[in-house]
Amino acid sequence: MRTLIWDLLSCSLIMTALSLVFGLLCRALRGRYAAKWRYYGWLVLLIGYLFPFRPPVRHALVTVSPPAPPAALPAASAAASDALDPMLLVVIAWIGGAVLVLARTLYRHAAFCRLVRRCAVPVTGGDAFDAARELCGRLGIRKAVPLLRCSCVSSPMVIGLFRPRILLPCQEYGAAEWRLILHHELIHYKRKDILFK
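Heads up: these notes are all about the structure in this document. (Residues numbered from 1 in each chain as written. Predicted model: local features only at pLDDT ≥ 70, side-chain atom pairs only at ≥ 80, totals over all residues. Heavy atoms only, no water.)

Counting its secondary structure elements, the protein chain contains seven helices and four strands. Traced from its N-terminal end to its C-terminal end, the protein chain shows the element sequence α-α-α-α-β-α-β-β-β-α-α. A fraction of 62% describes how many contacts in the protein chain between residues 6 or more apart in sequence connect residues 24 or more apart. (Helix = DSSP H or I, 4+ residues; strand = E, 2+ residues; numbered from the N terminus. Contact = heavy atoms within 4.5 Å.)

Below is the structure:
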């Protein structure tokens, strides 16, 4: 158990360091490379976080060893120390924190979805509708993506994992601006960015 927790901790620290370095590189190289390469770089890092176990390397550059176990204790104190194993407390705290963060995220998402259902109005005509229909054909998107105007959003976004929709703010734009906005959102839809998010 200790080895497993230590491996998870060391992989998390390594991935955090790599993420910081990559984030700094992205800032330094902004404008030199297309945004899609930053996107794919972050996806590689995401995979590293999702699969924290690495194959053993024979000649590692850096060796990290778990702390040595304490010397042998008498039977009574050994049983007491097993009950309050610090690694077990770390695991319980980590799982508890993860559950709290996940519960908070799910609650806020469900509240946002309820708000969208209450105030969203389908867009069935106008510049935005025409631009979306034309861009879907140009981008090779066969299925029409529903457009909804919603007073609860201040910027356009794609929502919905199983039934994706584009939410548009109530503010008005010109035809050229709608084309730019919807082109951006339809690229998100086509690349299935919502799955990665």
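Still to come is the rest of the account.
If you walk through the whole model with that rule in mind, you get four salt bridges. The salt bridge involving aspartate 130 is made with arginine 133; its shortest N-O contact spans 3.5 Å. Here arginine 133 and aspartate 130 lie together in helix 5 (residues 127-139), a separation of three residues that amounts to about one turn. Note on aspartate 130: relative accessible area 39%, which makes it partly exposed. The class of arginine 133 is exposed, set by a relative accessible area of 55%. With a closest N to O distance of 2.1 Å, glutamate 134 and arginine 179 form a salt bridge. On the criterion of sequence distance, the pair formed by glutamate 134 in helix 5 and arginine 179 in helix 6 (residues 175-191) is long-range, its members being 45 residues apart. A relative accessible area of 30% places arginine 179 in the partly exposed class. (Salt bridge = Lys/Arg side-chain N within 4 Å of Asp/Glu carboxyl O. Buried < 20%, exposed > 50% of the residue type's maximum accessible area, 1.4 Å probe, protein only.)

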